[in-house]
Amino acid sequence: MKKISLMMTLLFILGAAFTSCKEDTQPRLEKPTEFVLNTPPMANETYVLEEYDGVATQIYLTVSQPNYGLGTVTSYEVQLSKTEDFATYQSLLTVNTQAQIQCDGYEWSVAMNALNGITTEDDADKFTGEAEDIYVRVRAFIPNADYSSICSNVIMLNVQPYFAVRAPGKLYVIGQVSGWDINNGEVYLSEPDNGIGSKIYSGEIEISASDAASGFRFYTELGSWGSDGALPSIGANANDGDNASVSLDEDSYYSGPCVNGKGNWNITNWPGGKMKMTVDLNEMKVYFQKAN
């Protein structure tokens, strides 16, 4: 019995060692320890944000890409604060995926105004239009990997915003239902008025059976089809053409994951009519159901 016990123990140890070695060879997403926001060349000057024909001026930031140990698409969230410790801050709505970050002047103005208590049209009398110092940092992260989040160093810029308040965000439905036109903003979901900045979008969309079966995906902004696995597209899978054929259950309901990417949802058993769509970009999930 002792020999059998010793042999079983040895086999267990060898098996555990083999498993450990096998696991160690698997690629892993490393937690970065350094992430740098570069000081812009114009940091000593005042950035004057204006809007021309509905197009806002931009502020450009550059960062060093964190080393996650794997080739992956990093998301960058720009944060603004009136204090260097970021006890209170506002995030720009657009999350970038490039190391050169293009910050929309409208979003920047909205964030600065919100820090000053200007959040609705009724607050217009509080707006002074003066330039002020604002602290800036960037948060880098990989979606669905909480431990990947890292904040950069803090820089200070002098910025003059214009009057702008945050309206409910939109998520555009692009597919046969919109003519596969990347500039067609007529079909969209939106945040509720009492949930601005929640990143939860919903709406009731009139969609035929053939249009639902032909496929669709979502876009955070119009004008560009984007790249595989990256914003501005939100899809069922990362790569263009890697579509998901799904069906509603007996209660005319479907829920599932979504990712940054260009794979379509093709709903195979939609009878036509109004579909309620909800996209939660915090949980990265979608919900489709027949509207009541």
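Residues numbered from 1 in each chain as written. Predicted model: local features only at pLDDT ≥ 70, side-chain atom pairs only at ≥ 80, totals over all residues. Heavy atoms only, no water.

Q: Account for the overall build of the chain, naming residues and giving values.
A: When helices and strands are counted, the chain shows three helices and 21 strands. Once the C-alpha set of the chain is aligned to its principal axes, its extents read approximately 90 × 50 × 30 Å. Across the 292 residues in the chain, those meeting the buried criterion constitute 41%. Summed over its atoms, the accessible surface of the chain is roughly 15,700 Å², and 49% of this surface lies on carbon and sulfur atoms. Of the charged side chains in the chain, 18 are positive and 37 negative, and the gap between their average positions amounts to 13 Å. (Helix = DSSP H or I, 4+ residues; strand = E, 2+ residues; numbered from the N terminus. Buried < 20%, exposed > 50% of the residue type's maximum accessible area, 1.4 Å probe, protein only. Areas by Shrake-Rupley, 256 points an atom, 1.4 Å probe, with all protein chains shown as cover. Lys, Arg positive; Asp, Glu negative; His and termini not counted. Charge placed at Lys NZ, Arg CZ, Asp CG, Glu CD.)

Q: So what's going on with the packing of aromatic side chains? Which residues, and what values?
A: Inspection of every chain in the model, using the stated rule, returns 12 aromatic pairs. Relative to tryptophan 265, the ring of phenylalanine 218 lies with its centre 5.6 Å away and its plane at 55°, an arrangement referred to as tilted. Taken together, the positions of phenylalanine 218 in strand S14 (residues 216-219) and tryptophan 265 in strand S19 (residues 265-267) put the pair 47 residues apart, joining distant regions of the chain. When sorted by exposure, phenylalanine 218 lands in the same class as tryptophan 265, which is buried. Here the aromatic rings of tryptophan 265 and phenylalanine 288 are separated by 5.8 Å at their centres, their planes lie at 85°, and the arrangement is edge-to-face. Highlighted residues: tryptophan 265 in strand S19 and phenylalanine 288 in strand S21 (residues 285-290), separated in sequence by 23 residues. Side by side, tryptophan 265 and phenylalanine 288 carry an identical accessibility label, which is buried. Each residue in the set Phe216, Phe218, Tyr254, Trp265 and Phe288 is aromatic and connected to the rest through ring pairs, giving one cluster. The cationic tip of arginine 137 hangs over the ring face of tyrosine 89; the distance from NZ or CZ to the ring centre is 5.2 Å. (Phe/Tyr/Trp six-rings, centres within 6.5 Å; stacked < 30°, edge-to-face > 60°. Lys NZ or Arg CZ within 6 Å of the ring centre and 35° of its normal.)

Q: Run through the pairing of S14, naming residues and quoting values.
A: In S14, alternate side chains face the same way, and those of Phe216 and Phe218 on one face and Arg217 and Tyr219 on the other are all buried. Examined bridge by bridge, strand S11 (residues 170-175) and S14 share four bridges and lie antiparallel to one another. Residue pairing for S14: glycine 175 is matched across the bridge by phenylalanine 216. Here S14 runs beside strand S15 (residues 233-235); their pairing, made up of two bridges, is antiparallel. Residue pairing across strands places tyrosine 219 opposite serine 233, the latter belonging to S15. (Pairing = 2+ DSSP bridges.)

Q: So what's going on with the nonpolar core? Residues and values would help.
A: Nonpolar side chains in soluble globular proteins tend to end up buried together. Counting 33 residues, the largest nonpolar core has Leu61, Val78, Leu80, Trp108, Val136 and Leu157 as the members making the most contacts within it. Those elements giving two or more residues to this core turn out to be strand S4 (58-62), strand S5 (75-81), strand S7 (100-104), helix H2 (105-115), strand S8 (132-142), strand S9 (145-151) and strand S10 (155-160). With residues near it in sequence (within four places) discarded, leucine 61 still touches Leu37, Pro40, Val78, Ala99, Gln100, Ile101, Cys103, Trp108, Val136, Val138 and Leu157. Grouped together as the second largest cluster of nonpolar side chains are 31 residues, Val173, Ile205, Ile267 and Met275 included. (Core = buried A, V, L, I, M, F, W, Y, C linked by side-chain atoms within 4.5 Å. Contact = heavy atoms within 4.5 Å.)

Q: Give me the side chain of arginine 137: which residues, what numbers.
A: By the secondary structure assignment, arginine 137 is in strand S8. Within the buried set, arginine 137 has no salt-bridge partner at all; the shortest N-O distance to an opposite charge, 7.3 Å, is to glutamate 77. A polar side-chain atom of arginine 137 sits 2.6 Å from a polar atom in the side chain of glutamine 79. (Salt bridge = Lys/Arg side-chain N within 4 Å of Asp/Glu carboxyl O. Polar contact = N/O pair within 3.5 Å; in protein donor to acceptor, adjacent residues only side chain to side chain.)

Q: Account for H2, naming residues and giving values.
A: With 10 of 11 residues buried, H2 is to be regarded as a mostly interior element. Taken together, the buried positions of H2 are Gly105, Glu107, Trp108, Ser109, Val110, Ala111, Met112, Asn113, Ala114 and Leu115. Two or three places before tyrosine 106, at the opening of H2, aspartate 104 has a side-chain oxygen 2.9 Å from that residue's backbone nitrogen. Taken from the residues just after H2, glycine 117 is the one with a positive phi, measuring 80°.

Q: Describe the confidence of the model for the chain, and please don't skip the residues or the numbers.
A: Per-residue confidence for the chain gives a mean pLDDT of 89, with 90% of residues at or over 70. Low pLDDT (under 50) marks residues 6-14, which in the prediction has zero contacts with non-local residues, meaning those over four places away or in another chain. (pLDDT = per-residue confidence, 0-100.)

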